[in-house]
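Single-letter residue listing:
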Amino acid sequence: MQATDQDSIRQQVRSAYAAVANTASSRCATAPTPAGGCCVPSEQSVVGLLSRGIGYSADETAAVPEGANLGLGCGNPQVIAALKPGECVLDLGSGAGFDCFLAARAVGPQGRVIGVDMTPDMLLKACTNAVKGGYQNVDFRLGEIERLPVADTSVDVIISNCVINLSPDKAQVFRDAYRVLKPGGRLAISDIVLTAELPADMKAEVALYTGCVAGAADVPTLTAMLAAAGFVNIRITPKDTNREYLAQWAPGRGIENYITSANIEAIKPTNFLPLPLGDGIKQNQDKENP
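Keep in mind that this is a model prediction, so the values were computed, not measured.

Calculation notes
Residues numbered from 1 in each chain as written. Predicted model: local features only at pLDDT ≥ 70, side-chain atom pairs only at ≥ 80, totals over all residues. Heavy atoms only, no water. Helix = DSSP H or I, 4+ residues; strand = E, 2+ residues; numbered from the N terminus. Buried < 20%, exposed > 50% of the residue type's maximum accessible area, 1.4 Å probe, protein only. Contact = heavy atoms within 4.5 Å. Phe/Tyr/Trp six-rings, centres within 6.5 Å; stacked < 30°, edge-to-face > 60°. Lys NZ or Arg CZ within 6 Å of the ring centre and 35° of its normal. Expected span 1.5 Å × (residues − 1). Disulfide = S-S within 2.5 Å. pLDDT = per-residue confidence, 0-100. Lys, Arg positive; Asp, Glu negative; His and termini not counted. Salt bridge = Lys/Arg side-chain N within 4 Å of Asp/Glu carboxyl O. Polar contact = N/O pair within 3.5 Å; in protein donor to acceptor, adjacent residues only side chain to side chain. 1 Å grid on protein atoms, 1.4 Å probe; cavity = no way out; pocket = protein on both sides within 12 Å on 5 of 7 lines; lining within 4 Å. Points joined across faces, edges and corners; volume = space filled by probe spheres on them. Nonpolar A, V, L, I, M, F, W, Y, C, P; charged D, E, K, R; others polar.

1. Quick look at the overall build of the protein chain
Item 1. Across its full length, the protein chain holds 11 helices and 8 strands.
Item 2. Relative to its full complement of 290 residues, the protein chain shows a buried share of 57%.
Item 3. Looking at the protein chain alone, contacts between residues at least 24 apart form 77% of all its contacts between residues at least 6 apart.

If you want it as structure tokens, here you go:
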């Protein structure tokens, strides 16, 4: 994929999620709003029900400021992250801050949470929610997940919820994730994976790309990317119980026959070797403020 193609995809994704951030209510399956978020219900009670359907507890959905949970996820990375007090957590594609705020509760006042999102409208929403909720240990930063504004070996855990599938350069996402993790640091990701080859018309549809469908990769491809980045103990666990939920992202299209959500886990080894310079790995580092 050419750089210009990648830039075009990022702009389409950015525009779609800006629309979600700025719209009080949206409708399912109306391009270019994202599906999954494609269905961002106007009623917070409905958002809460959807979130509990993908693994969040009622306590979790009630614990964050109103407006932080936009119903954009496909799983609950908190379940596999096993966060500990005092850890530094990084959320890739933090949106309005939902998972960041839950992580902040888990790591406590001695811990720290960094949320990175490339959509300024989402970042503004997240910062507003942080002030509303009085979160002192959460820091939101504007940036792309392929070039994280985070220092080398500064993060204990990386979480992400239904975002990496949107990247046109997933291999670079994993390389940069490896860079910022401490030795022994871990990935705990919920995302969409392919279970069958998408038809050509679905692959080419912008609304299905921004809706977390057309950009998904299969398990062998993701496993190979993670291994090439240097990760070990790679485990990708598809969840086949959410077909009905996924079908609502694009009703009547049959997308549930081609994708499913999955937990993606991996570890940066303690005896890691630094990756060579290049491919943007060293870009946008913030060594003064990790």
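2. Re the packing of aromatic side chains
Item 1. With the rule as written, the count across this model stands at 4 aromatic pairs.
Item 2. For the pair Phe101 and Tyr135, a centre-to-centre distance of 4.3 Å together with 20° between the ring planes defines the contact as stacked. Linking Phe101 in helix H5 (residues 98-107) with Tyr135 in the loop between helix H6 (120-133) and strand E3 (138-142), this pair joins segments that are 34 residues apart in sequence.
Item 3. Owing to a relative accessible area of 1%, Phe101 belongs among the buried residues under this scheme.
Item 4. Members of the aromatic cluster, each reached through a chain of ring pairs, are Phe101, Tyr135 and Phe140.
Item 5. The cationic tip of Lys268 hangs over the ring face of Tyr178; the distance from NZ or CZ to the ring centre is 4.7 Å.

3. Focus: H6
The α-helix advances 3.6 residues per turn, and as a result positions three or four apart in sequence lie on the same side.
Item 1. Taking 1.5 Å of rise per residue, 14 residues should cover 20 Å, and H6 covers 20 Å from first to last C-alpha, within 8% of that figure.
Item 2. Note on H6: the residue one or two positions beyond its end, Gly134, has a positive phi of about 70°.

4. Considering H5
Item 1. Of all 10 residues that make up H5, 8 are buried, and the element is covered over most of its length.
Item 2. Residues Phe98, Asp99, Cys100, Phe101, Leu102, Ala103, Ala104 and Val107 constitute the buried set of H5.
Item 3. Of the residues trailing H5, Gly108 is marked for its positive phi of about 75°.

5. Some points on the state of the cysteines
Item 1. This structure, assessed with the given rule, holds 0 disulfides.
Item 2. In this structure Cys74 is not part of a disulfide, and its nearest cysteine sulfur, from Cys162, lies 3.2 Å away.

6. Re the confidence of the model for the protein chain
Item 1. Summarising the model, the protein chain shows a mean pLDDT of 84, and 81% of its residues fall at 70 or more.
Item 2. Between residues 24-49, whose pLDDT stays under 50, and residues either more than four places distant or in other chains, the model counts 48 contacts.
Item 3. In the model, residues 277-289 has pLDDT below 50 throughout and makes 31 contacts with residues more than four positions away in sequence or in other chains.

7. A word on the side chain of Asp99
Item 1. Inspection of the secondary structure assignment puts Asp99 in helix H5.
Item 2. Nearest to the buried, unbridged Asp99 among oppositely charged side chains is Arg105, at 10 Å.
Item 3. Sequence-distant contacts of Asp99, defined by excluding residues within four places in its chain, comprise Tyr56, Asn76, Pro77, Gln78, Asp91, Ile159 and Asn161.

8. Some remarks on the pattern of salt bridges
Item 1. Summed over the entire model, instances satisfying the criterion amount to 14 salt bridges.
Item 2. The shortest N-O distance in the salt bridge between Arg141 and Asp139 comes to 2.8 Å.
Item 3. Accessibility expressed as a relative area gives 9% for Arg141, which makes it buried.
Item 4. Taking the relative accessible area as the measure of exposure, Asp139 reaches 23% and is therefore partly exposed.
Item 5. Ionic pairing is found between Glu205 and Arg253, a salt bridge with its closest N-O pair at 2.9 Å. Taken together, the residues Glu205 in the loop between helix H8 (200-203) and helix H9 (206-210) and Arg253 in the loop between helix H11 (243-247) and strand E8 (259-267) connect sequence positions 48 residues apart.

9. Let's talk about the side chain of Thr260
Item 1. Within the fold, Thr260 resides in strand E8.
Item 2. Within the local environment of Thr260, its side chain forms a polar contact with the backbone oxygen of Lys239, the two atoms lying 2.4 Å apart.

10. Some details on empty space enclosed by the protein
Item 1. A full pass over the atoms with the stated rule returns 2 cavities of 30 Å³ or more.
Item 2. Estimates place the volume of the largest cavity at around 500 Å³.
Item 3. Elements with a contribution of two residues or more to the lining of the largest cavity: helix H1 (3-22), H5 and strand E2 (112-117).
Item 4. The dominant element in the lining of the largest cavity, judged by the number of residues it contributes, is H1, at 4 residues.
Item 5. A per-class count over the lining of the largest cavity returns 20 nonpolar, 11 polar and 6 charged.
Item 6. The calculated volume of the second largest cavity comes to roughly 50 Å³.
Item 7. The class makeup of the residues in the lining of the second largest cavity is 6 nonpolar, 1 polar and 2 charged.

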